[in-house]
Amino acid sequence: MATPQFTVAQIAHACAGRFVGDAKSANAVVTGVAALHDARPDTISWIADVKHAKHLAECPAAAIIGTETLLAGHPRGIVVTNPDAAIADVLDKFEIPAEPPPPGKHPTAVIHDSASIAPTARIGAHAIVHAGATIAENAVIHEGVSIGRDVSIGAGTVLYDRVVIYDRCRIGDRVILHAGAVIGADGFGFFFQNNRLRKFSHIGTVIIENDVEIGPNSVVDRGKFGPTRIGQGTKIDALVMIGHNVQIGPLCVLAGQAGLSGSVKLGAGVAMGGQAGIVPGITIGDRARIAAQSGITKDVAAGDAIQGTPAQTIKTEMRNVVLVRKLHKLYDEVAELTRRVKELEASANHR
Amino acid sequence: MATPQFTVAQIAHACAGRFVGDAKSANAVVTGVAALHDARPDTISWIADVKHAKHLAECPAAAIIGTETLLAGHPRGIVVTNPDAAIADVLDKFEIPAEPPPPGKHPTAVIHDSASIAPTARIGAHAIVHAGATIAENAVIHEGVSIGRDVSIGAGTVLYDRVVIYDRCRIGDRVILHAGAVIGADGFGFFFQNNRLRKFSHIGTVIIENDVEIGPNSVVDRGKFGPTRIGQGTKIDALVMIGHNVQIGPLCVLAGQAGLSGSVKLGAGVAMGGQAGIVPGITIGDRARIAAQSGITKDVAAGDAIQGTPAQTIKTEMRNVVLVRKLHKLYDEVAELTRRVKELEASANHR
Amino acid sequence: MATPQFTVAQIAHACAGRFVGDAKSANAVVTGVAALHDARPDTISWIADVKHAKHLAECPAAAIIGTETLLAGHPRGIVVTNPDAAIADVLDKFEIPAEPPPPGKHPTAVIHDSASIAPTARIGAHAIVHAGATIAENAVIHEGVSIGRDVSIGAGTVLYDRVVIYDRCRIGDRVILHAGAVIGADGFGFFFQNNRLRKFSHIGTVIIENDVEIGPNSVVDRGKFGPTRIGQGTKIDALVMIGHNVQIGPLCVLAGQAGLSGSVKLGAGVAMGGQAGIVPGITIGDRARIAAQSGITKDVAAGDAIQGTPAQTIKTEMRNVVLVRKLHKLYDEVAELTRRVKELEASANHR
């Protein structure tokens, strides 16, 4: 498939920017986006920080996006007010969306008669749709997806290849689930009875609200009773584990390989770093920030920034990290003090 | 599918409890289970700890399960001796098992002629069964499962959607493997030879004993030679990594995202927290408890409880965590001592 | 399928070893490989370290592989110069490769007309090959694999069951991707705009160079722009997360559940332990070694060995671990010093 290409002027228009340069430059053709140090004459680049200004002059990019201040009169600048948004606009322009299955149901898909599928939905090859499932308008069900009994899939939602959704889960509108994600498997709950580990049946479900995105091979377990819930607009990276009955608020961001134990509650706008983990039943306040690899063992107040295992405020953790790194000096100081005290004692005894 | 519903009396009977309340309450209809603070008039709730006793009075649940002591004469109590078991009984009552494929072989499944499949086994759509595989009575092979050559699947075992089992692995009876689990891929073993990383062929297998449950997207690698083994009744959560030649005893519990390197040995009844990891070749004694996120670098004795990276006993680790958190005071004390010693020295010299 | 069996003489020949023993022993039949303590009369074993020499005498193995020194005149020794290579040779001999699909295209595979598939390639049941994809000679596409639009798969590459490759990614020759691996999903990049998390389209791809192996259920995200790249001969274990635009050099080894954030760069020959993580944009020099569970927050120089969170050199980290473990003694010492200084002060004041 042909790479998209645009003129610099078209790019400037797409990102609501103002091109500052001559007509020839405005008509140059670009075929992609590259960082300042990687740019070629047929790519767009951008500057986001004054520390990269020194690379601006020799950068061969067809045009460079940035604020008026950062561009500092560059002869091929595209002046914008919000560089993040401008770059996003340009990337959208170049994006080739993943090829969806054709509208309708692929003949190799196995769809129960009682499933209700909107005419504009697309069901890919080898997909499975169980009894009572409903799939709304413009949903895209890629190849090999498995949709359980009585599951509902919202409008415009995209399920990539091999996603598995267990029975009765509800997936909102415009949700994106990447390949291999598993939604609604039983939570992990056992207790000892008669010398075996007896399983708690998990009669709850999973509710994924609108505009959520979940990365490849991530797992969201169903509730023991009542739903596990992922709040509107929350974004979850790859290989993340969400335990049974977790409640995640809107607009949270969870990085790769993070793990939430059963019944954890996240407020709104919480940010969680990669490989961080939270023990069962903990509550994290709105807009809290959890550093990568942290281990959370206590509730976290709204707005707090925490780090470490067991986690504490980043400020305290960083202070302690520094103090530990200087410990060898403290040991030396104490040894030296001990020597001096011994001397003082000797001289005192002598007197 | 209709939600199950029962009377309070039926629930009390199901969990071998004694309902203490009037006839009207005994006939009330319940449609689910909820925690004390979430309960509604049509749900069953329970009390497991005296600290929740204060919520008992205002809880609108149709009935509340608990010990005689904890219920303290509640007008709609279901008195039981083992609340965990009672709740499990009630959840079992409400459970709607995942819809299995119909008995027999789905026409879209691809099954080798030499595979031996019990008449009561169920093979879902798009499943693959390779040459020489055997599938025992009442096994449930969900959609898209892939079963390798000469694999054996025990009676009553359930493989959820998209599970992959490589050649020659043996899965016991009543095993549950959740969606996306991969059993029997090559272990991770390479060495440098002629400036490349040469792979050790992994000629071993995986043996999963009876009554094991493994969570979604978890991975159990095959042995380099000889089997990787998961002991009877052991329960493994989601996204867990079990390396080649690991030997796990019976009745262990491994939480989400835990990782066991090659040739690790776990005794019986070991409990391992989420995101904990064990380096190659380590032996963990029976009933040892490993805290979440711990990093195990040495053998652990039976019954020990360990924590931290590198892990030590929880008692020692917790003591050290506290001592590190007070370090800033120790630094201050040493500085103050230094000042006082200097003063003593000055005054001694002066004399 | 029958277990392979060989005579001891054949095994010695296979691993370029010299059998030291009588003719009867040379003709003994072996059916497998086992560690010294597990060996039986029909298995080959080996000795790799002098500390196991004490088990040599009573080991019933048909023959034991080792260096002349380690075997120390054992009556059934196979003398070799490189035991690792010899064991690899023997394991290769016993290996039964996973059953590939038959050559050609399985009738249940769904293959776009515009895909180009070499006549010797094998495409398994329920595989998907999208428009414009190319699959080279002797590639093995196992069951249920999904290959996106314009993807290229190199010669001799093996994709195990349920692997998913998103559009436009390029997979080299002799690559092995284990079951459930997902290559080329969107990177994880969002920013706040108008009170929602807006997604950066990821217009880049993934390039996996020749001879790479990636473990089950691992994830490699596509670049935001430009490729994410895995260098030639690099080996990646299970459940590993590789973020967008990561650049991994040749011959790196990444253990299970490791995680690399966006735009991380690894040089050549880097070794990374299990569950270790690297924050975005970090550069790791050639041959650096990162211990398991480390958290890397700063660039690492070539050849450095680092550990801990935040990571520092293993030497410094180990020193600090020891100093922390002795902290209770330091606290005691300081308390004792304080007492003695107080006494000195009292006696000085007294004078």
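Preceding this paragraph is the structure being described.
Model, not experiment: these values are computed from the prediction.

Caption draft 1: Representation of the relation of the copies chain B and chain C in the model. Laying chain B over chain C is done by rotating through 120 degrees and shifting 0.0 Å along the axis; what remains is an RMSD of 0.1 Å. Each copy turns onto its partner about a three-fold axis.

Caption draft 2: Summary view of the sheet that holds strand β21 (residues 182-185) of chain A. All names here are of chain A. Strand order across the open sheet formed by ten strands is β9-β12-β15-β18-β21-β26-β29-β32-β35-β38, with parallel pairing between neighbours. Edge positions in the open sheet fall to β9 (110-111) and β38 (295-296), since each of these has one partner strand only. As defined by bridge partners, strand β35 (residues 277-278) adjoins β38 across two bridges and the pair is classed as parallel. Each bridged residue has a counterpart across the sheet, and for Ile278 the counterpart in β38 is Ile296.

Caption draft 3: Layout of the interface of chain A and chain C. Counting residues at the interface gives 62 residues for chain A and 70 residues for chain C. Buried surface at the junction of chain A and chain C, both sides included, amounts to about 5,400 Å², of which 61% is carbon and sulfur. Here chain A and chain C share four salt bridges between them. Scanning the region where chain A abuts chain C turns up 30 residue pairs in polar contact (both at pLDDT 80 or more). Looking at the side of chain A that touches chain C, the elements with two or more residues in it are α4 (83-94), β28 (235-236), β31 (253-254), α5 (314-325) and α6 (327-350) of chain A. Element by element, the count of residues in the side of chain A that touches chain C is highest for α6(A), at twelve residues. Within the side of chain A that touches chain C, the residues separate by chemical class into 36 nonpolar, eleven polar and 15 charged.

Caption draft 4: Expanded view of the sheet that holds strand β26 (residues 219-221) of chain C. Residues and elements named next belong to chain C. Strands sit in the order β9-β12-β15-β18-β21-β26-β29-β32-β35-β38 across an open sheet of ten strands; the sheet is parallel. Each edge of the open sheet carries a strand with a single partner, namely β9 (110-111) and β38 (295-296). Here strand β21 (residues 182-185) runs beside β26; their pairing, made up of three bridges, is parallel. Its bridge partner being in β26, Val182 is matched across the sheet by Val219.

Caption draft 5: Spotlight on the interface of chain B and chain C. Counting residues at the interface gives 70 residues for chain B and 62 residues for chain C. Counting the surface lost from both chain B and chain C, the interface buries some 5,400 Å², and carbon and sulfur atoms represent 62% of this. Along the contact surface separating chain B from chain C lie four salt bridges. Mapped by element, the contributors of at least two residues to the side of chain B that touches chain C are β21 (182-185), β22 (190-193), β23 (196-199), β26 (219-221), α5 (314-325) and α6 (327-350) of chain B. Broken down by element, the side of chain B that touches chain C gets its largest block of residues, eight residues, from α6(B).

Caption draft 6: Inspection of the packing of aromatic side chains at higher detail. All told, the structure shown has 15 aromatic pairs over all chains when counted by the stated rule. Plain terms: the ring middles of B:Tyr166 and C:Tyr160 are 4.9 Å apart, the flat faces sit at 40 degrees to each other, and that makes the pair tilted. Within this pair, whereas B:Tyr166 is found in the loop between β18 (164-165) and β19 (170-171), its partner C:Tyr160 is found in the loop between β17 (158-159) and β18 (164-165), the two belonging to separate chains. The burial state of B:Tyr166 is the same as that of C:Tyr160; both residues are buried. Look at C:Phe6 and C:Phe94: their rings are 5.1 Å apart centre to centre, the planes differ by 80 degrees, and that puts the pair in the edge-to-face class. With a gap of 88 residues between them, C:Phe6 in strand β1 (residues 6-7) and C:Phe94 in helix α4 (residues 83-94) connect regions that are remote in the sequence. Seen from the ring of B:Phe200, B:Lys224 lies directly overhead, with NZ or CZ sitting 3.9 Å from the centre.

What counts and how
- Residues numbered from 1 in each chain as written.
- Chains lettered and ligands numbered in written order.
- Predicted model: local features only at pLDDT ≥ 70, side-chain atom pairs only at ≥ 80, totals over all residues.
- Heavy atoms only, no water.
- Least-squares fit on C-alpha atoms with pLDDT ≥ 70 in both.
- Pairing = 2+ DSSP bridges.
- Helix = DSSP H or I, 4+ residues; strand = E, 2+ residues; numbered from the N terminus.
- Contact = heavy atoms within 4.5 Å.
- Buried area = accessible area lost by both parts, 1.4 Å probe.
- Salt bridge = Lys/Arg side-chain N within 4 Å of Asp/Glu carboxyl O.
- Polar contact = N/O pair within 3.5 Å; in protein donor to acceptor, adjacent residues only side chain to side chain.
- Nonpolar A, V, L, I, M, F, W, Y, C, P; charged D, E, K, R; others polar.
- Phe/Tyr/Trp six-rings, centres within 6.5 Å; stacked < 30°, edge-to-face > 60°.
- Buried < 20%, exposed > 50% of the residue type's maximum accessible area, 1.4 Å probe, protein only.
- Lys NZ or Arg CZ within 6 Å of the ring centre and 35° of its normal.

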